[in-house]
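Each chain is listed here by its residues.
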Amino acid sequence: MTRLPEEEHPNKAFGWAARDISGVLSPFKFSRRATGEKDVAFKVLYCGICHSDLHMVKNEWGTSIYPLVPGHEVVGEVTEVGSKVKEYKVGDRVGVGCMVGSCRSCNECTNNLENHCPGMILTYGAKYHDGSITYGGYSDTMVADEHFIVRIPDNLPLDAAAPLLCAGITVYSPLRYYGLDKPGLHVGVVGLGGLGHMAVKFAKAMGAKVTVISTSPNKKKEAMENLGADSFLISRDQDQLQAGISTMDGIIDTVSAQHPLLPLIGLLKTHGKLVLVGAPEKPLDLPVFPLLQGRKMVGGSLIGGMKETQEMIDFAAEHSIKPDIEVIPMDYVNTAMDRLLKADVKYRFVIDIGNTLKATSY
(Lines give C-alpha, C1' and ligand atoms only; values in the text may rest on other atoms or scores of the structure.)
Protein backbone atom coordinates (compact mmCIF):
# COMPACT_ATOMS: atom_id res chain seq x y z
CA MET A 1 0.00 0.00 0.00
CA THR A 2 1.30 3.44 -0.98
CA ARG A 3 1.95 5.70 1.96
CA LEU A 4 0.67 9.26 2.00
CA PRO A 5 3.29 11.92 1.21
CA GLU A 6 3.19 13.18 4.81
CA GLU A 7 3.94 9.67 6.11
CA GLU A 8 6.73 8.73 3.70
CA HIS A 9 9.54 10.28 5.76
CA PRO A 10 9.92 11.16 9.45
CA ASN A 11 10.17 14.97 9.15
CA LYS A 12 6.90 16.79 8.53
CA ALA A 13 6.93 19.42 5.82
CA PHE A 14 4.46 21.62 4.00
CA GLY A 15 4.41 23.66 0.86
CA TRP A 16 2.33 24.31 -2.23
CA ALA A 17 1.86 21.65 -4.91
CA ALA A 18 0.22 21.17 -8.28
CA ARG A 19 -2.09 18.13 -8.33
CA ASP A 20 -2.80 17.86 -12.07
CA ILE A 21 -2.15 19.41 -15.50
CA SER A 22 -4.22 22.49 -14.62
CA GLY A 23 -1.02 23.59 -12.88
CA VAL A 24 -2.97 25.21 -10.06
CA LEU A 25 -0.93 25.20 -6.84
CA SER A 26 -2.45 24.79 -3.38
CA PRO A 27 -1.28 23.95 0.18
CA PHE A 28 0.18 20.47 0.53
CA LYS A 29 1.35 18.37 3.48
CA PHE A 30 4.30 16.05 2.85
CA SER A 31 7.50 14.95 4.57
CA ARG A 32 11.27 15.21 4.23
CA ARG A 33 13.77 12.46 4.96
CA ALA A 34 15.70 12.44 8.23
CA THR A 35 18.98 14.34 7.97
CA GLY A 36 21.56 11.74 6.89
CA GLU A 37 25.22 11.77 7.89
CA LYS A 38 26.19 13.80 4.81
CA ASP A 39 22.98 15.84 4.58
CA VAL A 40 22.33 19.50 5.23
CA ALA A 41 18.80 20.50 6.27
CA PHE A 42 17.69 24.11 6.07
CA LYS A 43 14.71 26.36 6.67
CA VAL A 44 13.63 27.76 3.31
CA LEU A 45 13.40 31.56 3.34
CA TYR A 46 13.06 32.39 -0.37
CA CYS A 47 12.44 30.50 -3.59
CA GLY A 48 12.57 31.89 -7.12
CA ILE A 49 9.98 31.03 -9.76
CA CYS A 50 11.67 29.68 -12.89
CA HIS A 51 9.98 29.43 -16.29
CA SER A 52 10.55 25.67 -16.11
CA ASP A 53 8.31 25.57 -13.01
CA LEU A 54 5.50 26.77 -15.28
CA HIS A 55 6.19 23.97 -17.79
CA MET A 56 6.44 21.36 -15.05
CA VAL A 57 3.26 22.19 -13.11
CA LYS A 58 1.31 21.74 -16.39
CA ASN A 59 3.31 18.67 -17.50
CA GLU A 60 4.21 20.40 -20.77
CA TRP A 61 7.41 18.38 -21.05
CA GLY A 62 5.63 15.09 -20.30
CA THR A 63 7.81 14.20 -17.29
CA SER A 64 5.86 15.62 -14.33
CA ILE A 65 4.91 13.46 -11.35
CA TYR A 66 1.97 14.68 -9.26
CA PRO A 67 1.60 15.95 -6.62
CA LEU A 68 4.43 18.26 -7.71
CA VAL A 69 6.10 20.82 -5.43
CA PRO A 70 8.13 23.07 -7.75
CA GLY A 71 11.10 25.29 -6.97
CA HIS A 72 14.79 24.93 -7.78
CA GLU A 73 16.06 28.36 -6.76
CA VAL A 74 15.94 27.69 -3.03
CA VAL A 75 17.76 29.62 -0.30
CA GLY A 76 17.61 29.64 3.46
CA GLU A 77 19.38 29.01 6.75
CA VAL A 78 20.89 25.72 7.95
CA THR A 79 18.99 24.08 10.81
CA GLU A 80 20.76 20.71 11.04
CA VAL A 81 23.82 18.98 9.59
CA GLY A 82 24.76 15.31 9.45
CA SER A 83 27.68 13.88 11.45
CA LYS A 84 29.99 13.71 8.41
CA VAL A 85 29.21 17.16 6.98
CA LYS A 86 32.42 19.20 6.78
CA GLU A 87 31.60 22.45 5.01
CA TYR A 88 28.45 23.71 6.73
CA LYS A 89 27.12 24.42 10.20
CA VAL A 90 23.82 25.48 11.75
CA GLY A 91 23.03 29.11 10.89
CA ASP A 92 24.90 29.18 7.57
CA ARG A 93 23.24 30.84 4.56
CA VAL A 94 22.85 28.22 1.83
CA GLY A 95 20.98 27.32 -1.31
CA VAL A 96 19.98 24.46 -3.58
CA GLY A 97 19.68 24.83 -7.34
CA CYS A 98 18.35 22.54 -10.07
CA MET A 99 19.79 19.25 -8.82
CA VAL A 100 20.11 17.34 -5.56
CA GLY A 101 21.93 14.21 -6.67
CA SER A 102 24.06 12.42 -9.26
CA CYS A 103 25.96 9.13 -9.46
CA ARG A 104 29.17 10.81 -8.21
CA SER A 105 31.36 8.24 -10.04
CA CYS A 106 31.01 8.73 -13.81
CA ASN A 107 33.36 10.76 -15.98
CA GLU A 108 31.07 13.79 -15.83
CA CYS A 109 30.80 13.72 -12.04
CA THR A 110 34.55 13.32 -11.54
CA ASN A 111 35.05 16.38 -13.77
CA ASN A 112 32.62 18.58 -11.83
CA LEU A 113 29.93 18.23 -14.48
CA GLU A 114 27.22 16.67 -12.32
CA ASN A 115 24.67 18.53 -14.45
CA HIS A 116 25.56 16.22 -17.36
CA CYS A 117 25.55 12.99 -15.33
CA PRO A 118 23.12 10.43 -16.79
CA GLY A 119 21.97 9.82 -13.22
CA MET A 120 21.50 13.48 -12.30
CA ILE A 121 18.55 13.90 -9.92
CA LEU A 122 16.41 17.01 -10.28
CA THR A 123 15.44 19.00 -7.21
CA TYR A 124 11.77 18.27 -7.78
CA GLY A 125 9.67 15.78 -9.70
CA ALA A 126 12.39 13.14 -9.88
CA LYS A 127 13.14 9.82 -8.21
CA TYR A 128 15.80 10.07 -5.46
CA HIS A 129 18.33 7.34 -4.54
CA ASP A 130 15.91 5.92 -1.95
CA GLY A 131 13.08 5.67 -4.49
CA SER A 132 11.06 8.58 -3.13
CA ILE A 133 10.01 11.54 -5.29
CA THR A 134 11.85 14.83 -4.81
CA TYR A 135 9.93 17.94 -3.73
CA GLY A 136 11.16 21.44 -4.47
CA GLY A 137 11.49 24.75 -2.71
CA TYR A 138 7.91 26.02 -2.61
CA SER A 139 8.05 24.56 0.89
CA ASP A 140 9.15 25.29 4.44
CA THR A 141 12.19 23.00 4.63
CA MET A 142 14.79 21.43 2.37
CA VAL A 143 17.35 18.65 2.83
CA ALA A 144 20.16 17.71 0.46
CA ASP A 145 23.55 16.03 0.38
CA GLU A 146 26.16 18.66 1.24
CA HIS A 147 27.78 18.18 -2.19
CA PHE A 148 24.70 19.81 -3.75
CA ILE A 149 24.51 22.70 -1.30
CA VAL A 150 25.79 26.13 -2.31
CA ARG A 151 27.10 28.65 0.21
CA ILE A 152 25.57 32.12 -0.14
CA PRO A 153 28.12 34.89 0.60
CA ASP A 154 27.15 37.28 3.40
CA ASN A 155 27.08 40.34 1.14
CA LEU A 156 24.50 38.83 -1.22
CA PRO A 157 20.88 39.35 -0.10
CA LEU A 158 19.12 35.99 0.15
CA ASP A 159 16.10 37.02 -1.92
CA ALA A 160 18.34 38.17 -4.78
CA ALA A 161 20.58 35.10 -4.46
CA ALA A 162 17.73 32.66 -5.18
CA PRO A 163 17.42 33.17 -8.99
CA LEU A 164 21.19 32.94 -9.42
CA LEU A 165 20.92 29.20 -8.65
CA CYS A 166 19.18 28.58 -11.98
CA ALA A 167 19.02 31.72 -14.13
CA GLY A 168 22.47 32.86 -13.00
CA ILE A 169 24.37 29.64 -13.62
CA THR A 170 22.49 29.00 -16.88
CA VAL A 171 24.11 32.06 -18.47
CA TYR A 172 27.38 32.19 -16.47
CA SER A 173 28.44 28.69 -17.48
CA PRO A 174 28.28 29.20 -21.28
CA LEU A 175 30.00 32.58 -21.05
CA ARG A 176 32.91 30.81 -19.33
CA TYR A 177 32.94 27.55 -21.32
CA TYR A 178 32.68 29.14 -24.76
CA GLY A 179 35.34 31.73 -23.96
CA LEU A 180 33.01 34.72 -24.07
CA ASP A 181 34.32 35.95 -20.72
CA LYS A 182 37.30 37.96 -22.02
CA PRO A 183 37.38 41.76 -21.75
CA GLY A 184 36.78 43.52 -25.04
CA LEU A 185 34.75 40.80 -26.73
CA HIS A 186 31.40 41.71 -28.26
CA VAL A 187 28.61 39.52 -26.88
CA GLY A 188 24.98 39.53 -28.02
CA VAL A 189 22.14 38.52 -25.72
CA VAL A 190 18.86 37.40 -27.32
CA GLY A 191 15.78 37.94 -25.20
CA LEU A 192 15.49 40.16 -22.15
CA GLY A 193 13.76 37.99 -19.56
CA GLY A 194 14.92 36.17 -16.44
CA LEU A 195 17.90 34.60 -18.23
CA GLY A 196 18.64 37.45 -20.61
CA HIS A 197 18.91 40.19 -18.02
CA MET A 198 21.36 38.03 -16.03
CA ALA A 199 23.43 37.36 -19.16
CA VAL A 200 23.76 41.12 -19.69
CA LYS A 201 24.93 41.66 -16.11
CA PHE A 202 27.46 38.80 -16.09
CA ALA A 203 28.88 39.61 -19.54
CA LYS A 204 29.32 43.28 -18.57
CA ALA A 205 31.07 42.29 -15.33
CA MET A 206 33.43 40.09 -17.38
CA GLY A 207 34.38 43.11 -19.48
CA ALA A 208 32.42 42.45 -22.66
CA LYS A 209 30.68 44.91 -24.92
CA VAL A 210 27.04 43.78 -24.78
CA THR A 211 24.29 44.16 -27.36
CA VAL A 212 20.74 43.13 -26.45
CA ILE A 213 18.89 41.56 -29.40
CA SER A 214 15.12 41.77 -29.03
CA THR A 215 11.88 41.83 -31.01
CA SER A 216 10.56 44.52 -28.63
CA PRO A 217 11.68 48.11 -29.33
CA ASN A 218 10.14 49.20 -26.02
CA LYS A 219 12.84 47.29 -24.11
CA LYS A 220 15.67 49.50 -25.41
CA LYS A 221 15.60 52.03 -22.57
CA GLU A 222 15.45 49.28 -19.95
CA ALA A 223 18.33 47.36 -21.55
CA MET A 224 20.66 50.31 -21.86
CA GLU A 225 19.80 52.54 -18.92
CA ASN A 226 18.89 50.00 -16.22
CA LEU A 227 20.90 46.91 -17.18
CA GLY A 228 23.94 48.61 -18.69
CA ALA A 229 23.89 47.14 -22.21
CA ASP A 230 26.08 49.02 -24.70
CA SER A 231 23.69 48.76 -27.62
CA PHE A 232 20.30 47.43 -28.66
CA LEU A 233 19.33 45.68 -31.87
CA ILE A 234 15.74 45.07 -33.00
CA SER A 235 15.82 41.65 -34.62
CA ARG A 236 12.85 42.41 -36.91
CA ASP A 237 14.57 45.50 -38.35
CA GLN A 238 16.43 44.48 -41.52
CA ASP A 239 18.54 47.66 -41.56
CA GLN A 240 19.76 47.03 -38.01
CA LEU A 241 20.49 43.37 -38.78
CA GLN A 242 22.44 44.41 -41.88
CA ALA A 243 24.47 46.93 -39.88
CA GLY A 244 25.26 44.25 -37.29
CA ILE A 245 26.51 41.57 -39.69
CA SER A 246 29.81 39.95 -38.60
CA THR A 247 30.21 42.16 -35.51
CA MET A 248 29.77 39.73 -32.60
CA ASP A 249 32.19 37.22 -31.07
CA GLY A 250 29.36 35.27 -29.49
CA ILE A 251 25.66 35.29 -28.76
CA ILE A 252 23.78 33.87 -25.76
CA ASP A 253 20.29 33.01 -27.00
CA THR A 254 17.85 32.75 -24.07
CA VAL A 255 14.59 32.54 -26.07
CA SER A 256 12.33 29.53 -25.44
CA ALA A 257 9.88 30.27 -28.26
CA GLN A 258 10.18 29.47 -31.97
CA HIS A 259 12.52 31.98 -33.63
CA PRO A 260 14.82 32.10 -36.69
CA LEU A 261 18.52 31.35 -36.15
CA LEU A 262 19.72 32.57 -39.56
CA PRO A 263 19.75 36.29 -38.65
CA LEU A 264 21.67 35.52 -35.45
CA ILE A 265 24.29 33.45 -37.28
CA GLY A 266 24.73 36.39 -39.62
CA LEU A 267 25.64 38.68 -36.72
CA LEU A 268 28.60 36.46 -35.76
CA LYS A 269 32.18 37.15 -36.78
CA THR A 270 34.30 34.37 -38.27
CA HIS A 271 34.66 31.68 -35.56
CA GLY A 272 31.70 33.19 -33.73
CA LYS A 273 29.57 31.08 -31.38
CA LEU A 274 25.79 31.02 -31.04
CA VAL A 275 24.91 29.39 -27.71
CA LEU A 276 21.34 28.28 -27.01
CA VAL A 277 20.19 28.16 -23.39
CA GLY A 278 16.43 28.44 -23.97
CA ALA A 279 14.43 25.28 -24.63
CA PRO A 280 11.88 25.68 -27.46
CA GLU A 281 9.37 22.83 -27.53
CA LYS A 282 9.72 22.28 -31.30
CA PRO A 283 12.95 21.94 -33.32
CA LEU A 284 14.44 25.12 -34.77
CA ASP A 285 15.58 25.43 -38.38
CA LEU A 286 19.37 25.36 -38.59
CA PRO A 287 20.76 26.51 -41.96
CA VAL A 288 24.17 24.92 -42.53
CA PHE A 289 25.81 27.03 -45.25
CA PRO A 290 26.09 30.13 -43.02
CA LEU A 291 27.98 27.97 -40.50
CA LEU A 292 30.44 26.75 -43.13
CA GLN A 293 31.13 30.30 -44.25
CA GLY A 294 33.08 31.61 -41.30
CA ARG A 295 33.53 28.34 -39.42
CA LYS A 296 30.81 29.33 -36.97
CA MET A 297 29.48 27.21 -34.14
CA VAL A 298 26.05 26.56 -32.66
CA GLY A 299 26.17 25.08 -29.17
CA GLY A 300 24.08 24.62 -26.08
CA SER A 301 24.45 24.72 -22.33
CA LEU A 302 22.47 23.41 -19.35
CA ILE A 303 22.98 24.99 -15.90
CA GLY A 304 26.44 24.07 -14.49
CA GLY A 305 28.23 21.71 -12.12
CA MET A 306 28.40 22.34 -8.38
CA LYS A 307 31.93 23.74 -8.39
CA GLU A 308 31.05 26.21 -11.12
CA THR A 309 27.76 27.14 -9.42
CA GLN A 310 29.65 28.12 -6.26
CA GLU A 311 32.15 30.03 -8.41
CA MET A 312 29.24 31.88 -10.07
CA ILE A 313 27.66 32.84 -6.73
CA ASP A 314 31.02 34.09 -5.43
CA PHE A 315 31.59 36.08 -8.66
CA ALA A 316 28.12 37.62 -8.33
CA ALA A 317 28.82 38.64 -4.73
CA GLU A 318 32.23 40.08 -5.64
CA HIS A 319 30.81 42.15 -8.51
CA SER A 320 27.48 43.03 -6.83
CA ILE A 321 25.49 41.23 -9.52
CA LYS A 322 21.89 40.76 -8.47
CA PRO A 323 18.84 39.80 -10.52
CA ASP A 324 15.98 42.28 -10.71
CA ILE A 325 13.25 40.62 -8.66
CA GLU A 326 9.66 41.04 -7.53
CA VAL A 327 9.17 39.49 -4.11
CA ILE A 328 5.73 37.96 -3.62
CA PRO A 329 3.79 36.18 -0.84
CA MET A 330 3.15 32.44 -1.14
CA ASP A 331 -0.57 32.79 -1.79
CA TYR A 332 0.13 34.99 -4.85
CA VAL A 333 1.90 32.13 -6.64
CA ASN A 334 -0.90 31.22 -9.06
CA THR A 335 -1.29 34.84 -10.13
CA ALA A 336 2.48 35.02 -10.55
CA MET A 337 2.39 31.95 -12.80
CA ASP A 338 -0.28 33.59 -14.97
CA ARG A 339 1.82 36.75 -15.20
CA LEU A 340 4.96 34.76 -16.01
CA LEU A 341 3.11 33.14 -18.90
CA LYS A 342 2.54 36.65 -20.30
CA ALA A 343 6.16 37.71 -19.56
CA ASP A 344 4.74 40.26 -17.12
CA VAL A 345 7.64 40.35 -14.66
CA LYS A 346 10.93 42.22 -14.36
CA TYR A 347 12.62 39.82 -14.28
CA ARG A 348 12.15 37.10 -11.71
CA PHE A 349 9.48 36.38 -9.13
CA VAL A 350 10.83 35.33 -5.73
CA ILE A 351 8.48 33.85 -3.14
CA ASP A 352 9.00 35.09 0.42
CA ILE A 353 8.65 31.63 1.95
CA GLY A 354 9.97 32.51 5.41
CA ASN A 355 7.42 35.23 6.11
CA THR A 356 4.37 34.10 4.12
CA LEU A 357 4.23 30.29 3.99
CA LYS A 358 2.31 29.37 7.12
CA ALA A 359 1.03 26.03 8.38
CA THR A 360 -2.25 27.89 8.96
CA SER A 361 -2.58 28.00 5.15
CA TYR A 362 -4.54 24.80 5.64
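Note: the structure precedes this text.
The rules behind these values
- All chains use their own residue numbering, which begins from 1 and follows the written sequence.
- Owing to the predicted nature of the model, reporting of local features is limited to residues with pLDDT of at least 70; listing and counting of side-chain atom pairs is limited to 80 or more, with chain, interface and lining totals taken over all residues.
- Each side-chain value is worked out from all heavy atoms of the structure, with water and hydrogens disregarded.
- Numbering of helices and strands starts at the N terminus; helices are DSSP runs of H or I of at least 4 residues and strands are runs of E of at least 2.
- Only the C-alpha atoms count toward the radius of gyration. The rule for a globule is 2.2 Å times the residue count to the power 0.38.
- Residue burial is assigned from relative accessible area. The probe radius is 1.4 Å, only protein chains are included, and a residue is buried under 20% of its type maximum, exposed over 50%, and partly exposed in between.
- Only heavy atoms matter for contacts: two residues are in contact if any of them lie within 4.5 Å across the pair.
- Throughout, the Shrake-Rupley method with a 1.4 Å probe supplies accessible areas, and for residues the shown protein chains are the sole cover considered.
- Only four residue types enter the tally: Lys and Arg on the positive side, Asp and Glu on the negative side, with His and both chain ends excluded.
- To locate a charge, take NZ of a lysine, CZ of an arginine, CG of an aspartate or CD of a glutamate.
- In what follows, salt bridge is the name for a side-chain nitrogen of Lys or Arg lying within 4 Å of a carboxyl oxygen of Asp or Glu.
- Any pair of cysteine sulfurs within 2.5 Å is marked as a disulfide.
- Any two strands with at least two DSSP-identified bridges between them are counted as paired.
- Whether a crossover is right-handed depends on one test, that the path from the first strand over the helix to the second runs clockwise when the strands point away from the viewer.
- Lines fitted to the C-alpha atoms define the axes, with helices restricted to the stretch that makes contact. Angles between their N-to-C directions range from 0 to 180 degrees.
- With respect to orientation, any angle under 35 degrees is reported as roughly parallel, any angle over 145 as roughly antiparallel, any angle of 65 to 115 as roughly perpendicular, and every other angle as oblique.
- A clockwise turn of the near helix away from the far one marks a right-handed crossing, whereas an anticlockwise turn of less than a right angle marks a left-handed crossing.
- As a working rule, the residues Ala, Val, Leu, Ile, Met, Phe, Trp, Tyr, Cys and Pro are called nonpolar, Asp, Glu, Lys and Arg charged, and the rest polar, with Gly in that last group.
- Here, the term nonpolar core denotes a set of buried Ala, Val, Leu, Ile, Met, Phe, Trp, Tyr and Cys residues that are joined through side-chain atoms within 4.5 Å.

1. Re the overall build of the protein
For step 1, the next point in the chain: Broken down by element type, the protein carries twelve helices and 17 strands.
For step 2, the next point in the chain: For the protein, the C-alpha radius of gyration of 21 Å lies close to 21 Å, the compact-globule estimate for 362 residues.
For step 3, the next point in the chain: When burial is assessed residue by residue, the protein has 54% of its 362 residues classed as buried.
For step 4, the next point in the chain: Within the protein, contacts between residues at least 6 apart in sequence are counted, and of these 67% link residues at least 24 apart.
For step 5, the next point in the chain: By element, 53% of the accessible surface of the protein is carried by carbon and sulfur atoms, the whole surface being about 16000 Å².
For step 6, the next point in the chain: Between the mean site of the 37 positive side-chain charges and the mean site of the 41 negative ones, the protein shows a separation of 2 Å.

2. Points about the side chain of D140
For step 1, the next point in the chain: Mapped onto the elements, D140 comes out in the loop between β7 (121-122) and β8 (141-145).
For step 2, the next point in the chain: Here D140 is buried and forms no salt bridge, its nearest opposite-charge partner R32 lying at an N-O distance of 6.0 Å.
For step 3, the next point in the chain: If near-sequence neighbours (up to four positions away) are discounted, D140 is found in contact with A13, F14, F42, K43, V44, I353 and L357.

3. Topic: the environment of G168
For step 1, the next point in the chain: Position of G168 among the secondary structure elements: in helix α4 (residues 167-177).
For step 2, the next point in the chain: Note: C-alpha distance between G168 and P5 (163 residues apart in sequence) is 32 Å.
For step 3, the next point in the chain: Dropping the residues within four chain positions of it, G168 is found in contact with P163, F202 and M312.

4. Focus on the state of the cysteines
For step 1, the next point in the chain: Throughout the structure, instances matching the rule amount to zero disulfides.
For step 2, the next point in the chain: Not part of a disulfide, C98 finds its nearest cysteine sulfur in C166, a span of 3.7 Å.
For step 3, the next point in the chain: Classification of C166 by relative accessible area gives buried; the value is 6%.

5. Details of the pairing of strand β14 (residues 268-276)
For step 1, the next point in the chain: Relative to β14, strand β13 (residues 248-253) runs parallel, the two sharing five bridges. By the bridge assignment for β14, I251 is matched with L274.
For step 2, the next point in the chain: Handedness of the β13-helix α8 (residues 262-267)-β14 crossover: right-handed.
For step 3, the next point in the chain: Examined bridge by bridge, β14 and strand β15 (residues 297-300) share four bridges and lie parallel to one another. The residue of β15 that forms the bridge with V275 is G299.

6. What to know about the pattern of salt bridges
For step 1, the next point in the chain: Counting across every chain of the model gives 15 salt bridges.
For step 2, the next point in the chain: One salt bridge connects R348 with E73, and the closest N-O pair in it is separated by 2.6 Å. In this pair, R348 sits in strand β17 (residues 348-352) while E73 sits in the loop between α1 (51-57) and β4 (74-81), placing the two residues 275 residues apart along the sequence. With respect to class, R348 is no different from E73; both count as buried.
For step 3, the next point in the chain: One salt-bridge network, held together by shared partners, links R176, D181, K182 and E311.

7. Some thoughts on the packing of α4 against helix α5 (residues 194-205)
For step 1, the next point in the chain: Where α4 contacts α5, the two axes come as close as 8 Å, and the packing angle between them is 50 degrees. With respect to α5, the axis of α4 lies oblique. By crossing handedness, the relation of α4 to α5 is classed as right-handed. Contacts between α4 and α5 involve A167, G168, T170, V171, Y172 and L175 from the former and G194, L195, M198, A199, F202 and A203 from the latter.
For step 2, the next point in the chain: Across the contact of α4 with α5, the residue classes tally to nine nonpolar, three polar and no charged.

8. What to know about the sheet that holds strand β10 (residues 186-190)
For step 1, the next point in the chain: Spatial strand order, β12-β11-β10-β13-β14-β15: six strands in an open sheet with parallel pairing. The open sheet terminates on both sides in strands that have one partner only, identified here as β12 (231-234) and β15. Within this sheet the neighbouring strands show an average axis-to-axis angle of 20 degrees, counted without direction.
For step 2, the next point in the chain: Packing of α5 onto the sheet brings it into contact with β10, β11 (209-214) and β13, and relative to β11 it is tilted by some 165 degrees.

9. Concerning the side chain of D181
For step 1, the next point in the chain: Here D181 lies in the loop between α4 and β10.
For step 2, the next point in the chain: Accessibility expressed as a relative area gives 14% for D181, which makes it buried.
For step 3, the next point in the chain: Filtering out sequence-adjacent residues up to four positions away, D181 remains in contact with L175, R176 and M206.

10. Focus: the nonpolar core
For step 1, the next point in the chain: Ranked by internal contacts, the top residues of the largest apolar core, which has 57 residues, are V75, L164, L175, V200, F202, I252 and I313.
For step 2, the next point in the chain: At the level of secondary structure, the elements contributing two or more residues to this core comprise β3 (39-49), α3 (158-161), α4, β10, α5, β11, β12 and α10 (306-318).
For step 3, the next point in the chain: Among the elements that take part in this core, α5 stands out by supplying six residues, more than any other.
For step 4, the next point in the chain: For L164, the contacting residues outside a window of four places in its chain are L156, I169, M198, F202, M312, I313, A316, I321 and P323.
For step 5, the next point in the chain: Listed in part, the 45 residues of the second largest apolar core include V40, A126, L340 and F349.

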